[in-house]
Structure formats: C-alpha cells, structure tokens
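Here is what each chain is made of, one letter per residue.
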Amino acid sequence: MRGSPGWRTARNTGCCDFSGLCDIAFPRIRLAIGRYPEAEKILTDMIGKIGSPRIVVVESGCTGTFPLLLKALDDRVDMKMYTAYPYLLEACGDRIYSARYEENRLFETMYSQDLYFIFSGLRDGRFYVKKCLDAGVERNAFAEVKAMLTE
C-alpha cells in the first residue's frame, strides 16, 4: 500500500475536518488491506495486544499512511505527524508538528530510506526486509547516514 487511499478523494469532496476525511478514507483503506489478509490479521493482532485505551501513532512521512491504516483497524488509534502535504494541514490541524514538509520529502527520498532496505516478506507474524545488494546504493546510503551524523 503506497500512499493513503482516500485522502485525495476526501479532499476533493470538500471535507475539511479530520473526522470527515477518515469517514471517506477508511473504507478504501480497509478494502486495500483486505487484499492482504495475512498482513491484516498480523496488524490487527499486534495492535489488539495493546491494553491502552488510547494508542498514539507517530508518522514521520507526509501522508500518514501507516497511522491511518492502524486507525482504520482500531478506533483507539490517534495519529500525530511530524509534517504533512499542504492539502492535509487544515484537516489534520494540531496533529501536525510542522508545516515544512519539503524538508521531510528530502529525507524520505534518500537512498537510505527509499532504496537500501526493501520489504521481503511476511512470515510467522513478522515483517521482514532485505538490504539492497547494489554496491552503489549501499555506498550512497552509507554516505547519507554519515553526512547526517556529522552535521
């Protein structure tokens, strides 16, 4: 599931509050995750084991994909976002820490975030990733991480 199914649809209908956006987005999100019953069961079981009456999920990206997915599966979930695309700012309101999404987009498109680790499977209730075997991708990913650590 790449992107947040329903956000743009909700925005295009004129919804401008978070509840309205969720009402429109959640059926599409549930339909999308329903195509992957094993992943849906694992996520539902994982979040179901949390005994708290409120679960805050923090998104480091700009669309809120994973928090929205979890919120669609369990209404105890509340989401916070570091930043968001401009079209989500009004609807998400105080759920967003910073409106400066451009900086976050640079982070998300880094080799170390986008190319170095790749989803490889779902086994025994766990999500697995594998590292990219391309030496150039690895070199660039390590250079990016080193640059961030030395700034």
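Residues numbered from 1 in each chain as written. Predicted model: local features only at pLDDT ≥ 70, side-chain atom pairs only at ≥ 80, totals over all residues. Heavy atoms only, no water.

1. Some remarks on the overall build of the protein
From N to C terminus, the protein includes eight helices and four strands. Listed N to C, the secondary structure of the protein is α-α-α-β-α-β-α-α-α-β-β-α in terms of helices and strands. The burial tally for the protein puts 36% of its 151 residues in the buried class. Here the contacts in the protein between residues at least 6 apart in sequence split such that 44% fall between residues at least 24 apart. Surface summary for the protein: the accessible area is close to 9,600 Å², and the carbon and sulfur share equals 55%. (Helix = DSSP H or I, 4+ residues; strand = E, 2+ residues; numbered from the N terminus. Buried < 20%, exposed > 50% of the residue type's maximum accessible area, 1.4 Å probe, protein only. Contact = heavy atoms within 4.5 Å. Areas by Shrake-Rupley, 256 points an atom, 1.4 Å probe, with all protein chains shown as cover.)

2. A word on the pairing of strand β2 (residues 77–81)
With four of its five residues buried, β2 lies for the most part within the structure. Sheet topology note: the strand β1 (residues 55–59)/β2 ladder contains five bridges and is parallel. Residue valine 58 lies in a different strand from β2, and its bridge partner there is lysine 80. (Pairing = 2+ DSSP bridges.)

3. Here's the deal with a nonpolar patch on the surface
Residues Met46, Phe119 and Phe127 make up a contiguous nonpolar surface patch of roughly 320 Å² in combined accessible area. Inspection of the secondary structure assignment puts phenylalanine 119 in strand β3 (residues 117–123). Among the residues examined, phenylalanine 119 registers a relative accessible area of 54% and is labelled exposed. (Patch = residues over 30% accessible without salt bridge, like charges linked within 9 Å, V, L, I, M, F, W, Y side chains within 5 Å. Salt bridge = Lys/Arg side-chain N within 4 Å of Asp/Glu carboxyl O.)

4. Comments concerning the nonpolar core
Phe26, Ile29, Leu68, Leu70 and Val77 are the most contacted members of the largest nonpolar core, which has 24 residues in total. If you list the elements that add at least two residues to this core, you get α2 (18–34), α3 (37–48), β1, α4 (65–73), β2 and α5 (86–92). In terms of residues, this core owes the most to one element, α2, which gives six residues. (Core = buried A, V, L, I, M, F, W, Y, C linked by side-chain atoms within 4.5 Å.)

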